[in-house]
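One-letter residues, chain by chain:
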Amino acid sequence: MNKIDILKKAQQEKNDEREEFIKVKAFHIGWISVSVVMVLLIILRSVYNESASDIVLILMAQTAAVSFYQYFNMRDKKGYLFTGILSTMAVFISFAALLSQYGVY
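Residues numbered from 1 in each chain as written. Predicted model: local features only at pLDDT ≥ 70, side-chain atom pairs only at ≥ 80, totals over all residues. Heavy atoms only, no water.

Enquirer: An account of a nonpolar patch on the surface is needed here, citing residue identities and associated values.
Expert: The grouping of Trp31, Ile32, Val36, Val37, Val39, Leu40, Leu41, Ile43, Leu44, Val47, Tyr48 and Val66 at the surface amounts to a nonpolar patch, some 1100 Å² of accessible area in total. Ranked by the residues each element gives to the nonpolar patch, the list is headed by helix 2 (residues 17-47), at ten residues. With respect to the secondary-structure elements, valine 39 resides in helix 2. Classification of valine 39 as partly exposed rests on a relative accessible area of 39%. (Patch = residues over 30% accessible without salt bridge, like charges linked within 9 Å, V, L, I, M, F, W, Y side chains within 5 Å. Areas by Shrake-Rupley, 256 points an atom, 1.4 Å probe, with all protein chains shown as cover. Salt bridge = Lys/Arg side-chain N within 4 Å of Asp/Glu carboxyl O. Helix = DSSP H or I, 4+ residues; strand = E, 2+ residues; numbered from the N terminus. Buried < 20%, exposed > 50% of the residue type's maximum accessible area, 1.4 Å probe, protein only.)

As structure tokens, then:
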């Protein structure tokens with residue numbers, strides 16, 4: 001195949017690698033931004049002696065989901081499994097604390 005045939009074939013494909021890279025990078029930046037805001041809210045709530053178990057619950061659920069997804073796609077990285085398990089435990093503890101705060105548990 002010559003250069004023109006390769007270019008035509010690449011243009012016919014629906015996958016745009018640049019667009020995919022930008023999308024992944026945007027999700028990564030968004031995840032970091034939301035995590036920073038949540039950590040700041042947790043710190044702010046602790047300064048005013050308020051419970052932050054709801055924010056911790058959301059943050060740990062997101063961390064567990066990301067960690068398990070990464071582990072299932074990269075089985076050789078056991079750190080993701082460990083992080084996923086710890087985050088899942090934190091989700092259950094935060095949920096129990098939240099229920100306790102509302103008097104349900």
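Enquirer: Tell me about the environment of glutamine 11, residues and numbers included.
Expert: In this structure, glutamine 11 sits in helix 1 (residues 3-12). Separated by 42 residues in sequence, glutamine 11 and serine 53 place their C-alpha atoms 50 Å apart.

Enquirer: So what's going on with the packing of helix 3 (residues 53-73) against helix 4 (residues 78-101)? Which residues, and what values?
Expert: In the contact formed by helix 3 and helix 4, the axes pass within 7 Å of each other and the chain directions differ by 155°. In terms of orientation, helix 3 and helix 4 fall into the roughly antiparallel class. By crossing handedness, the relation of helix 3 to helix 4 is classed as left-handed. In terms of residue class, the contact of helix 3 with helix 4 is built from 15 nonpolar, ten polar and two charged. (Axes fitted to C-alpha atoms, helices over the stretch in contact; angles between N-to-C directions. Parallel < 35°, antiparallel > 145°, perpendicular 65-115°, else oblique. Left-handed = near helix turned anticlockwise from the far one by under 90°. Nonpolar A, V, L, I, M, F, W, Y, C, P; charged D, E, K, R; others polar.)

Enquirer: Got a sec to walk through the layout of surface pockets? Specific residues and values, please.
Expert: Space inside the largest pocket adds up to approximately 260 Å³. His28, Trp31, Gln62, Val66, Tyr69 and Gln70 together form the lining of the largest pocket. Elements with a contribution of two residues or more to the lining of the largest pocket: helix 2 and helix 3. Taken together, the residues of the lining of the largest pocket sort by class into three nonpolar, three polar and no charged. (1 Å grid on protein atoms, 1.4 Å probe; cavity = no way out; pocket = protein on both sides within 12 Å on 5 of 7 lines; lining within 4 Å. Points joined across faces, edges and corners; volume = space filled by probe spheres on them.)

Enquirer: Mind laying out the packing of aromatic side chains, listing which residues take part and the relevant values?
Expert: Throughout the structure, instances matching the rule amount to two aromatic pairs. Aromatic pair tyrosine 71 and phenylalanine 72: ring centres 5.8 Å apart, planes at 55°, arrangement tilted. Under the relative-accessibility criterion, tyrosine 71 is labelled buried at 9%. Look at phenylalanine 72 and you get exposed, because its relative accessible area is 52%. Clustering of aromatic rings is evident, with ring pairs tying together Phe68, Tyr71 and Phe72. (Phe/Tyr/Trp six-rings, centres within 6.5 Å; stacked < 30°, edge-to-face > 60°.)

Enquirer: Just give me the short version of unusual backbone geometry, but keep the residues and values in it.
Expert: Despite not being glycine, asparagine 49 has its phi angle at roughly 55°, a positive value. You can see asparagine 49 is positioned in the loop between helix 2 and helix 3. For asparagine 49, a relative accessible area of 73% puts it in the exposed group.

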